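Now for the letters of each chain:
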Amino acid sequence: MKKILLGVLITTMLFCFSGCLGAKGENVTGITTTENMVYFEPKCPECKHIGKTKSANVCKGEDYSGSHFCEECGELFDYSIER
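Read on for a plain summary of the structure. Counting restarts for each chain: residues are numbered from 1 in the order of the written sequence. With the structure being a predicted model, the display of local features is reserved for residues of pLDDT at least 70 and the display and counting of side-chain atom pairs for 80 or more, all residues being used for whole-chain, interface and lining totals. Side-chain metrics rest on all non-hydrogen atoms present in the structure, leaving aside hydrogens and water.

### Notes on the nonpolar core
And then number 1: Core analysis: the biggest nonpolar cluster contains nine residues, these being A23, V28, I31, V38, F40, A56, V58, Y79 and I81.
And then number 2: Each helix corresponds to a stretch of at least 4 residues labelled H or I by DSSP, and each strand to a stretch of at least 2 residues labelled E; elements are numbered beginning at the N terminus. Elements represented by at least two residues in this core include exactly strand 2 (28-33), strand 3 (37-42) and strand 6 (76-82).
And then number 3: For V58, the contacting residues outside a window of four places in its chain are N36, M37, V38, Y64 and R83. Take the buried residues of types Ala, Val, Leu, Ile, Met, Phe, Trp, Tyr and Cys, join any two whose side-chain atoms come within 4.5 Å, and each joined set is a nonpolar core. We call a residue buried when its accessible area falls under 20% of the maximum for its residue type, exposed when it is over 50%, and partly exposed in between, using a 1.4 Å probe and counting protein chains only. Should any heavy atoms of two residues lie within 4.5 Å, those residues are counted as being in contact.

Rendered as structure tokens:
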């Protein structure tokens, strides 16, 4: 039973770690990647509020940037994704 639980734990950790390696960004959190898509949540640099999940079609070697209006403090900020 312990071996099965350990195997599930290791598999889950590797899956999460591999998703983090796919992309990185500025003013974003919760980055998840698939083959051609990146899912992320904009994070306000002023009040640290996390917005609703967004997606972008970003292939390896490409960059993506955009702007987001924070619902909490009204700040307009830029975010960027590097893959």
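### As for the sheet that holds strand 2
And then number 1: In space, the three strands of this open sheet follow the order 2-3-4, with antiparallel pairing throughout. Of all the strands in the sheet, the pair left with one neighbour each is strand 2 and strand 4 (54-57). Averaged over all neighbouring strand pairs, the angle between strand axes comes to 25 degrees, with direction disregarded.
And then number 2: Paired strands, in this sense, are two strands between which DSSP finds at least two bridges. Bridge count between strand 2 and strand 3: four bridges; the pairing is antiparallel. Within strand 3, the position partnered with T29 by the bridge is E41. Axis definition: a line fit to C-alpha positions, over the contact stretch in the case of helices; interaxial angles, taken between N-to-C directions, run 0 to 180 degrees.

### Notes on the environment of E82
And then number 1: Note on placement: E82 falls in strand 6.
And then number 2: In this structure, E82 is in contact with A23, K24, E62 and D63, ignoring residues within four places of it in sequence.

### Some words on the packing of aromatic side chains
And then number 1: Note on aromatic pairs: the rings of Phe, Tyr and Trp (six-membered ring only in Trp) are paired at centre separations within 6.5 Å, and the planes decide the class, stacked below 30 degrees, edge-to-face beyond 60, tilted for the rest. One pass over the full model with this rule turns up two aromatic pairs.
And then number 2: The interplanar angle of 50 degrees and the centroid separation of 5.2 Å between the aromatic rings of F40 and Y79 together place this pair among those described as tilted. Here Y79 lies in strand 6 and F40 lies in strand 3, a separation of 39 residues in the sequence.
And then number 3: Aromatic side chains Y64 and Y79 sit 6.5 Å apart centroid to centroid with 40 degrees between the ring planes, which places their arrangement in the tilted category. Highlighted residues: Y64 in strand 5 (residues 63-69) and Y79 in strand 6, separated in sequence by 15 residues.

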